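# Coordinate analysis (summary)
Okay, here's what each chain looks like letter by letter:
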Amino acid sequence: EVQLVESGGGLVQPGGSLRLSCAGSGFTFSSYSMTWVRQAPGKGREWVAAITTGGGATSYADSVKGRFTISRDNAKNTLYLQMNSLKPEDTAVYYCARGWVTIGRLDYWGQGTQVTVSS
């Protein structure tokens, strides 16, 4: 059974940092591109960042470029999202998903982790 489990969310002040993790199991993690998606209150899901199988290529939404970094450790079957210079508009539930960027084509999703940016 494919499972993706996110962790690392929480409450942080504007300008602060958080690192999210996503542990994958039940599939060959290193064989799949992975994507982070977020959903803010009352809004639709928004693609945030994606990474290829070996981590050699990454892509970011304009809204997070220069502030967020996606990475992965295939030996640990874990995906990461380092979030710096957080803004209140980054408040959302963050999901990791299997696949590359296009939300409709991501085939497995985690349960999500809440990130709240507020003073």
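Right, let's walk through the structure included here.

Counting residues in each nonpolar core, the largest one holds 31 residues, and the members touching the most others are Trp-36, Leu-79, Leu-81, Met-83 and Tyr-94. Residue assignment for this core shows that the elements contributing at least two residues are β3 (18-25), β4 (34-39), β5 (45-51), β7 (68-73), β8 (78-83), β9 (92-98) and β11 (113-117). Residue contributions to this core peak at five residues, all from β5.

A word on the sheet that holds β8. The strand order across the open sheet built from four strands is β1-β3-β8-β7, with neighbouring strands paired in antiparallel fashion. Two strands bound the open sheet, and with one partner strand each, they are β1 (3-7) and β7. Geometrically, the sheet is characterised by an average inter-axis angle of 15 degrees between neighbouring strands, direction not taken into account. Here β7 pairs with β8 via six bridges, running antiparallel. Each residue of the ladder has a partner; that of Thr-69, found in β8, is Gln-82.

Turning our attention to the packing of aromatic side chains. How two aromatic rings sit relative to each other is set out by the distance from centre to centre and by the angle between their planes. The full count for this structure, using the stated rule, is three aromatic pairs. Pairing Phe-27 with Phe-29 gives two aromatic rings, centres 6.0 Å apart and planes at 50 degrees, and the pair type is tilted. The residues Phe-27 and Phe-29 share a single accessibility class, namely buried. By way of ring pairs, the aromatic residues Phe-27, Phe-29 and Tyr-32 are connected into one cluster.

In this section: the environment of Ala-40. Mapped onto the elements of the fold, Ala-40 is located in the loop between β4 and β5. In contact with Ala-40, not counting residues within four places along its chain, are Thr-91 and Ala-92.

Quick look at the side chain of Arg-38 now. In this fold, Arg-38 is placed in strand β4. With relative accessibility at 6%, the residue Arg-38 sits in the buried group. Looking at Arg-38, its side chain comes within polar contact range of the side chain of Ser-63, at 3.4 Å. Every residue in contact with Arg-38, bar those within four places of it in the chain, is listed here: Gly-44, Arg-45, Glu-46, Val-48, Ser-63, Val-64, Phe-68, Glu-89, Asp-90, Ala-92, Val-93 and Tyr-94.

Thresholds applied
Residues numbered from 1 in each chain as written. Predicted model: local features only at pLDDT ≥ 70, side-chain atom pairs only at ≥ 80, totals over all residues. Heavy atoms only, no water. Core = buried A, V, L, I, M, F, W, Y, C linked by side-chain atoms within 4.5 Å. Buried < 20%, exposed > 50% of the residue type's maximum accessible area, 1.4 Å probe, protein only. Helix = DSSP H or I, 4+ residues; strand = E, 2+ residues; numbered from the N terminus. Pairing = 2+ DSSP bridges. Axes fitted to C-alpha atoms, helices over the stretch in contact; angles between N-to-C directions. Phe/Tyr/Trp six-rings, centres within 6.5 Å; stacked < 30°, edge-to-face > 60°. Contact = heavy atoms within 4.5 Å. Polar contact = N/O pair within 3.5 Å; in protein donor to acceptor, adjacent residues only side chain to side chain.

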